[in-house]
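Working through the structure, step by step
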Amino acid sequence: GRIRSNSAVISSPSRLLKLLKPTLAYISKEECNPDLVKCNIQDVRVPMGQEQMQLYAKYLNRKVFIPKNIPKSDKKRKQREMLAAALRQTNALRSICASPKDNFAGLKEEDMDICSSNFNPKIVTILQMIKENLDKGEQTVVVYSRVGQGNEIASRLASASIQFGRIDSTKGKHAQQAAQFKKGLFPVILMGINCAQAYSFENCPNLIVASLDWGYGSLYQALGRVHR
C-alpha cells in the first residue's frame, strides 16, 4: 500500500498544478517575466570512491535490514518488517552516496570504519564546478540533504580560503546569511535542502544539488531559489 507523509511540503507540485489549473487563476513565471532565462538542468553523474562503493555494495543486501527470528506464521508482521527494511535501506544508500563516513540509521558497528572520509568523487566534482563558476565571476548555491556532506564541502572551501555562507542546522541567523550573499559579500552559499524556502537568489545563476531528500517538493523549492 501507499505510505502517507505528514510533511507540509508538496511531494508532487506538477501533478497538483495539473489538477488546479482548470479551476484556479494561475500565472506562470514566463507570463510574469517574458525575459525569464530558461532553467537549464544538467544531470552530472560520477563514480563512487573505492571505500564508498564497498560500503554501498554491502548495504544493497536487503537482508541486512530485516530483523531475525520473525515467525513464519506471522505474515502481516513479515510484510511490515519488509516494508520498513526497504525504507531503512533506501535511507542508508542515500546516506552512503552523500556522506558515507557519518553514522546513518542501520549502520552496523563493524562497518563504521569502512569509509575513512566523506571526501569522494562527488565532492571533487562539486568543488570543480564551484571553481568554474568562480573563474567566470559567478556565484553558486550548493544544496544538500546531509549535514556531513555540507561539512565536507565547507572544510574544503575554507582550506582554499574561499568565503562562503551557510544556511542549515549548523548555523543561526539564516536571513542575515542570505542577505549578505545577495549583496555579493561572498561567492558561495551552502544550504540544507529543507531550508530552501523563503529565500530568493535571483542574482545567482548557478545552483548545485549535491544530495536529495525524500520528496520532490524540497527539490523544486531548491530550484526555485535561483530560477525566479
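Conventions we followed
Residues numbered from 1 in each chain as written. Predicted model: local features only at pLDDT ≥ 70, side-chain atom pairs only at ≥ 80, totals over all residues. Heavy atoms only, no water. Buried < 20%, exposed > 50% of the residue type's maximum accessible area, 1.4 Å probe, protein only. Helix = DSSP H or I, 4+ residues; strand = E, 2+ residues; numbered from the N terminus. Pairing = 2+ DSSP bridges. Axes fitted to C-alpha atoms, helices over the stretch in contact; angles between N-to-C directions. Contact = heavy atoms within 4.5 Å.

Brief notes about the pairing of strand β3 (residues 188–192)
Burial runs high along β3: five of the five residues are buried. Burial of the side chains of β3 extends over both faces: Val188, Leu190 and Gly192 are buried on one face and Ile189 and Met191 on the other. Judged from the five bridges that link them, strand β1 (residues 140–144) and β3 form a sheet pairing that is parallel. Counterpart to Val141 in the pairing with β3 is Ile189. For strand β2 (residues 164–167) and β3, the ladder comprises four bridges, and the chain directions are parallel. Counted as the bridge partner of Phe164 is Val188 from β3.

Some points on the sheet that holds β3
The parallel open sheet is built from four strands, whose spatial order is β2-β3-β1-β4. Both edges of this open sheet fall to β2 and β4 (207–209), since each of them pairs with a single strand only. On average, each strand axis in the sheet is inclined to that of its neighbour by 20°, with strand direction left out of account. Packed on one face of the sheet, helix α6 (residues 147–159) meets β1, β2 and β3 and runs near 165° to β2.

A look at unusual backbone geometry
Although it is not a glycine, Ser161 sits at a positive phi angle of roughly 60°. On the secondary structure map, Ser161 appears in the loop between α6 and β2. Of note in the backbone geometry, Lys173 takes a positive phi value of approximately 55° without being a glycine. By secondary structure assignment, the location of Lys173 is in the loop between β2 and α7 (174–182).

Function cannot be inferred from these measures alone, as they are strictly geometric.
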